[in-house]
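# Descriptive analysis of the structure
Here are the chains, one letter per residue:
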Amino acid sequence: MLSLLTLIIPVMASELTAPAMAQSDSAAGHLPSSPVAKTIYQLLPTLKGVAPKAGEWQLEALKKFYQHRDYVSIWLEEDGRWKRDINHFAQALRQADKEGLNPADYQLSKVASQTRTDQTLQALALHEVQMTNGLLHYIRDLSVGRAHPSMEFPLLFLMPQNRNYATILESILKHSDAEDIDAAFRELAPNHEDYAKLRAVLARYKSLQSQIDSWPAIETDGLIRPGESDARLPKIRRNMQLLGRLKGQQDIFDNLVQKAKIERKSELNIESAADAQSETPQAKAVAANLSDNPTFIYDEVTEKAIRRFQEMSGSAVDGVIGPKTIAELNTPVKDRIRQIELSMERWRWLPESLGNKYVLVNIAGFYTEAVENGNVVIRSPVIVGQVAHQTPAFSSYITNVKFYPDWSVPASIARRYVLGKIQDNPEVIRTFGYEIYEGDELLDWTDVDIQTLKKSDFPPYRFRQKPGLNNALGRVRFSIKNNYSIYMHDTSDHSLFSQSNRALSAGCIRVQKSKDMAAFLLDGNSNISADAARQKFTAIGTELKSEFHPLTAKIPVHLVYMTAWIDPQGDVKFGHDIYGRDAKLAKSLTQKKGEL
């Protein structure tokens, strides 16, 4: 397997400027001598007219690539004969759908076939550059994604991912063996384990698509409670088993890591793993009972599978089969495939390395993970922003931990929530520890006529909530460097974590396991230990004082929006597109179809 470091090299902007290119030609001491090379040299500056949708990165990468080889062709001889076997490269691009990409976008085979009908010098040079361009486009799409996310999504900030695409292409072209070419391309995809699992799940769902999407939908009227009888249950079991929720009372996608140990050459073999599991006597008995069971009784085995399915699909886990659960069962597999593909696209937007020790927040999945040395140390439910106060997606760093934080109430929240509560019940001031300021001046509440305050008075007035057990930020805040005023924090109301839809905050991220998160961030990385951090959560009283603890080393944090992800059991889970970002991304990618 090729090392990723040999393929991906940061590019300084100065390397790609027009003066640098001219200097390269001059340094070479001569202009291209062969007719094809001369034609390629003349064609490159006008490529924008040949490929009007080509991005600047494509033009610069093509120029850089051919400059490095004095514009000598890599595919075609001057008489139209092939210099190398294109079939292995074309086959790799034809399998782009395994990575959630569209093979039709790269057109290598299509362009190659055109060389047979038109072999003029101009046509040969054009086809030569177009084939190279197709490979470059696939390299970029696979490594950093098809979309231009920072331009298209306002609530998104990504770390730069500059790549030397010309150098990557040169490295790949050194190979002629199909397996080596496949391995070289595979190295460009995100190297995170969850991406590999999504790739395997994508293959499984595509194999199911023709079986399930042709079936009629299950009727959604009425509830089915455990022990009750309903004529829809055979259809429900049918869909559940095809989705893998009833095979041996385990998910077909459970324990993917262990199943991957089953012999295979290149990638996870989901079908073999499933077949191996179904050979056990227990699995055979359960499968026979469920797949051929015509009973209308909602039995215990089906309930167990339904509960797991509800958890997987982001529904309330209550074991009751209602309209929402059946709607999830009726969701076309093609829609699930799209969710998987969009999540794979978003993985490509992330930095190559997330960090040896980092925090990941999946906004659409309502969870956060603390990861160290590849192991998930903490997995915690979170509360994220409401639709009106969406939590942005970005990568940055956690810089410090603040125990017993105060809270300067944003003017929008003061106007929308806090002012009305105080006017309805002034006792809220004492219970929740609110102070009122005019500008930077702390006012005495006895000098303020609460009932005459209006929403338009904020600002210049503002509220501050003192540290305490009822503080909205709870006992701890984790500061994140960003331009959105977003941070992670504890909360004084943990009851909301039990809700299935947790898009409830004003934008910041509330963490249920904030005690464990504080210990994870501070231990060995600050002036206090993990035990000391946990002790901070035992304090009581109303006069708590804020404590500020900078982190010795900043911890990377990645806020992502993925509606398909892998849970700790290795099972795929789906969330709802709470902010409509999947729909927007899908539309953007559709508009880019064939954009070379």
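Notes on the structure follow. Small disclaimer: the values here were computed from a predicted structure and weren't measured. All residue numbers refer to position in the chain's written sequence, counted from 1. Only residues with pLDDT of at least 70 get local features here, since the model is predicted, and only at 80 or more are side-chain atom pairs given and counted; chain-wide, interface and lining totals rely on the full set of residues. Calculation of side-chain values draws on the structure's entire complement of heavy atoms; hydrogens and water are dropped beforehand.

A separate point is the overall build of the chain. Numbering goes from the N terminus for both helices and strands, where a helix is a DSSP run of H or I of at least four residues and a strand is a run of E of at least two. Per the secondary structure count, the chain includes 24 helices and 16 strands. In this scheme, a residue with accessible area under 20% of its type's maximum is buried, one over 50% is exposed, and one in between is partly exposed, where area comes from a 1.4 Å probe on protein chains only. Out of the 596 residues in the chain, the part that is buried amounts to 52%. In what follows, a contact means two residues having at least one pair of non-hydrogen atoms within 4.5 Å. Looking at the chain alone, contacts between residues at least 24 apart form 72% of all its contacts between residues at least 6 apart. Values of accessible area rely on a 1.4 Å probe in the Shrake-Rupley scheme; residue burial ignores everything except the protein chains shown. Total accessible area on the chain stands at roughly 27,300 Å², and carbon and sulfur atoms take up 51% of it.

Here we come to the side chain of T491. In this fold, T491 is placed in the loop between β11 (488-489) and β12 (503-505). A residue is classified by how much of its surface remains accessible, and T491, at 6% relative accessible area, is buried. By the criterion applied in these results, polar contacts are pairs of N or O atoms within 3.5 Å in which, for protein atoms, one can donate a hydrogen and the other can accept it, and in which residues neighboring in sequence qualify only through two side-chain atoms. One polar contact links the side chain of T491 to the main-chain amide nitrogen of D493, over a distance of 3.1 Å. Ignoring any residue separated from it by four or fewer positions in sequence, one finds T491 in contact with A472, L473, G474, F497 and R510.

For the rest of this paragraph, the subject is the packing of aromatic side chains. Geometry of aromatic contacts follows a simple scheme: Phe, Tyr and Trp rings, the Trp one being its six-membered ring, pair when their centres are within 6.5 Å, and the pair is stacked under 30 degrees between planes, edge-to-face over 60, tilted otherwise. For the structure on display, the rule yields 17 aromatic pairs. Ring centres of F403 and F537 lie 6.1 Å apart, and the angle between their planes is 90°; this geometry places the pair in the edge-to-face category. With F403 in strand β5 (residues 393-403) and F537 in the loop between α23 (530-535) and β14 (547-560), this pair connects stretches of sequence that are 134 residues apart. Just as F403 is buried, F537 falls in that class too.

This part is about helix α24 (residues 581-591). Along α24, the positions that sit buried rather than exposed are R581, D582, L585, A586, S588 and L589. Taken end-on, α24 shows its buried residues confined to a sector of 160°, consistent with a single buried face. In α24, the exposed residues that point more than 90 degrees away from the buried face are K587, T590 and Q591. Arc definition: directions from the helix axis to the C-beta atoms.

Grouped together as the largest cluster of nonpolar side chains are 83 residues, with contacts concentrated most on Y66, W75, L135, F185, Y205, I236 and I340. The element contributing the most residues to this core is helix α8 (residues 121-144), with 10 residues. Excluding its chain neighbours within four sequence positions, the residues that come into contact with I340 are L198, V201, L202, Y205, A564 and F574. Here, nonpolar core means buried Ala, Val, Leu, Ile, Met, Phe, Trp, Tyr and Cys residues that are tied together by side-chain atoms lying within 4.5 Å of each other. Counting residues in hydrophobic clusters, the runner-up holds 70 residues, among them W445, F478, L559 and L585.

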